[in-house]
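Fold and geometry: a report
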Amino acid sequence: MTIRLPDLQGGFRAYEPRREPLAVTPGAPLASRTVFSAAHVVADPYADTSPDSPAAVDWDATLAFRRHLWSHGLGVAEAMDTAQRGMGLDWAGAAELIRRSAAEARAVGGRIACGAGTDQIAAGSLTEVRAAYEEQLAVVEESGAQAILMASRALAAAAQGPEDYLEVYGHLLRQAAEPVILHWLGPMFDPALEGYWGSDDLDAATDTFLEVIAAHPDKVDGIKVSLLDAQREIDIRRRLPQGVRCYTGDDFNYPELIAGDEKGFSHALLGIFDPLGPLAAEAVRVLDTGNVAGFRALLDPTVELSRHLFRTPTRFYKTGVVFLAWLAGHQTHFTMVGGLQSARSLPHFARAYELADGLGLFPDPKLAEERMRNLLALYGVAQ
């Protein structure tokens, strides 16, 4: 039986859903790469909230999804932009998320790293920015999680040049209890981060970024590069000090970056590994055996879906991620904190469904089809 889907050109097409999911089960721990999935949060659909209210989170469903990721051997990157930091989830909600997820990670033996930023302030002086970072870093460290120093909108607004970034990050790295991950989030994910590291010139910004790391290599576990520029990431990772990892955040080019070349490779910290979690873990296990071709054969076909979810405006990729979690049965509804379920169009959802179903990502294809039909009916699409 076919399903009638709206396409991106304003017409309709018939699609025959897949009958069986891809056979992927939890396996051995990942060995050759460190892989984090940046995980989404599940909203409480019964809370009486508005888009500008504090987030109402369904904690049981949110933590259950993290257990799903851990069961496949993935680490969880918590309270990052995939969890709608600054787009529905405020610092109070993020702090609770960090504490709850870190406790759950200890209970099940899962790996976790959590984002520390400055989103408790909208703007401020460099001193206030530094204090905001310190507050969040303390919460992450007290939870027992590894810290990810996220890019800061407030710092981008307050900094006068590269020297301000060097001063703020240097101060934070000197006081960090354990090595952290530095996150360079590009403006395609957050327009307020234009000119980060003190320059609109990416070469100059890269030099400042690397200068921060070179001054404190013992305090930097790795970097997450989210610029959607594969060659720049390769160039950066080749310039890193010995022992500092590169975690790709490139949701367009991740298979080739993780596979690497004769001069090195990237680990991974990716939002797309939220919907791709089991498949991504299986691909890395194949890579663990030295089978690069097998790894690429599994992961390369997922790039079309990822590029679709992360298409411009890229910051709304979270909507597609949560949509797929609903279709996959990880949550009972398609509601997001901040009302962000409205951020993508019906044709966008239809294509995401088609691509994900074609990959076999849905554990219960029939359930996914039923939910897609329900959404189409809600929009007035007759079958």
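Reading the values: the criteria
As a convention, each chain's residues are numbered from 1 in the sequence order in which they are written. Only residues with pLDDT of at least 70 get local features here, since the model is predicted, and only at 80 or more are side-chain atom pairs given and counted; chain-wide, interface and lining totals rely on the full set of residues. Where side-chain values are given, they derive from all heavy atoms of the structure, hydrogens and water being excluded. A run of H or I in DSSP becomes a helix once it reaches four residues, and a run of E becomes a strand once it reaches two; helices and strands are each numbered from the N terminus. By this rule, a helix spans an expected 1.5 Å times one less than how many residues it contains. The rule is simple: take the accessible area with a 1.4 Å probe, protein chains only, and divide by the maximum for that residue type; under 20% is buried, over 50% is exposed, in between is partly exposed. Note on contacts: a residue pair qualifies if any of its non-hydrogen atoms lie within 4.5 Å across the two residues. Residues scored as charged are limited to Lys and Arg (positive) and Asp and Glu (negative), so that His and the chain ends carry no count. A side-chain nitrogen of Lys or Arg and a carboxyl oxygen of Asp or Glu constitute a salt bridge if their distance falls within 4 Å. N or O atoms closer than or at 3.5 Å make up a polar contact, with two conditions inside protein: a donor-capable atom paired with an acceptor-capable one, and, for residues adjacent in sequence, both atoms drawn from side chains. The way it works is a 1 Å grid over only the protein atoms, where trapped points that fit a 1.4 Å probe form a cavity and open points with protein on both sides within 12 Å along at least five of seven lines form a pocket, and then any residue with an atom within 4 Å of a point lines it. Grid points are joined across faces, edges and corners, and a volume is the space filled by probe spheres set on the points. Here the term charged refers only to Asp, Glu, Lys and Arg, the term nonpolar to Ala, Val, Leu, Ile, Met, Phe, Trp, Tyr, Cys and Pro, and the term polar to all other amino acids, Gly among them. Here, nonpolar core means buried Ala, Val, Leu, Ile, Met, Phe, Trp, Tyr and Cys residues that are tied together by side-chain atoms lying within 4.5 Å of each other. What makes two strands pair is DSSP finding at least two bridges between them. Handedness rule for crossovers: strands pointing away from the viewer, path from the first strand over the helix to the second running clockwise, crossover right-handed.

1. Details of helix 5 (residues 162-175)
If you check helix 5, its first and last C-alpha atoms are 20 Å apart, about what 14 residues at 1.5 Å a residue would give, namely 20 Å. For helix 5, every residue scored as buried is listed here: Asp164, Tyr165, Val168, Tyr169, Gly170, Leu172 and Leu173. The elements touched by buried residues of helix 5 are helix 3 (126-143), strand 6 (146-149), helix 4 (153-158), strand 7 (180-185), helix 6 (202-215) and strand 8 (220-226).

2. Some points on the side chain of lysine 224
Secondary-structure assignment places lysine 224 in strand 8. Put simply, lysine 224 is tucked away with no salt bridge, and the nearest opposite charge, on aspartate 251, sits 5.6 Å away. For lysine 224, the side chain forms a polar contact with the side chain of serine 226, separated by 3.1 Å. Polar side-chain contacts of lysine 224 include one of 2.7 Å to the backbone oxygen of leucine 269. Beyond its immediate stretch of four places on either side in the chain, lysine 224 contacts Met80, Ile181, Leu182, His183, Trp184, Tyr247, Gly249 and Leu269.

3. Topic: empty space enclosed by the protein
For the structure on display, the rule yields 1 cavity of 30 Å³ or more. Its boundaries defined by the atoms lining it, the largest cavity holds a volume of some 60 Å³. Lining the largest cavity are 14 residues, with Asp81, Thr82, Lys224, Gly271 and Tyr317 sitting closest to its centre. In terms of residue class, the lining of the largest cavity is built from 7 nonpolar, 4 polar and 3 charged.

4. Considerations on the layout of surface pockets
Here the largest pocket is characterised by a volume of approximately 430 Å³. Around the largest pocket, the lining is made up of 23 residues, and of these Arg85, Gly86, Asp119, Arg153 and Asp190 lie nearest the centre. Where the lining of the largest pocket is concerned, the elements lending two or more residues are helix 4 and strand 7. By residue class, the composition of the lining of the largest pocket is 11 nonpolar, 5 polar and 7 charged. The calculated volume of the second largest pocket comes to roughly 280 Å³. In this structure, the second largest pocket is lined by 19 residues; those nearest its centre are His68, Pro275, Pro278, Leu361 and Pro363. Contributions of two or more residues to the lining of the second largest pocket are made by helix 1 (59-71), helix 9 (277-288) and helix 12 (317-327).

5. A word on the nonpolar core
By size, the foremost hydrophobic cluster in this structure holds 119 residues, and its most contacted members are Leu182, Tyr196, Phe273 and Phe323. Considering each element in turn, this core owes the most residues, 8 residues, to helix 13 (residues 346-359). If sequence neighbours within four positions are ignored, phenylalanine 273 has contacts with Val35, Phe36, Ser37, Leu69, Leu74, Tyr254, Ile258, Ala268, Ala280 and Leu299. Phe36, Ala38, Ala113 and Ile148 belong to the second largest nonpolar core, which has 10 residues in total.

6. Some points on unusual backbone geometry
At the junction of threonine 312 and proline 313, the peptide bond is cis and its omega measures out at -5° in the coordinates. Relative to the helices and strands, proline 313 resides in the loop between helix 11 (303-309) and helix 12. In this model, glutamine 84 sits at a positive phi of 70°, which is unusual for a non-glycine residue. Tracing the backbone through its elements, the reader meets glutamine 84 in the loop between strand 4 (75-78) and helix 2 (91-108). Positive phi, normally seen in glycine, also occurs at leucine 228, with a value near 55°. Along the chain, the position of leucine 228 falls in the loop between strand 8 and helix 7 (230-238). Residue leucine 228 is classed as buried on the basis of its relative accessible area of 18%.

7. With respect to the pairing of strand 2 (residues 12-15)
Across 4 bridges, the pairing between strand 1 (residues 3-6) and strand 2 is antiparallel. Each bridged residue has a counterpart across the sheet, and for isoleucine 3 the counterpart in strand 2 is tyrosine 15.

8. Notes on the pairing of strand 8
Of all 7 residues in strand 8, 7 are buried, a share of seventy percent or more. Pairing of strand 7 with strand 8, which is carried by 6 bridges, proceeds in the parallel orientation. Across the sheet, residue histidine 183 finds its bridge partner in strand 8, namely lysine 224. In this view, the connection linking strand 7 to its parallel neighbour strand 8 by way of helix 6 has right-handed handedness. The pairing of strand 8 with strand 9 (residues 245-248) spans 4 bridges and is classified as parallel. Residue pairing across strands places valine 225 opposite threonine 248, the latter belonging to strand 9.

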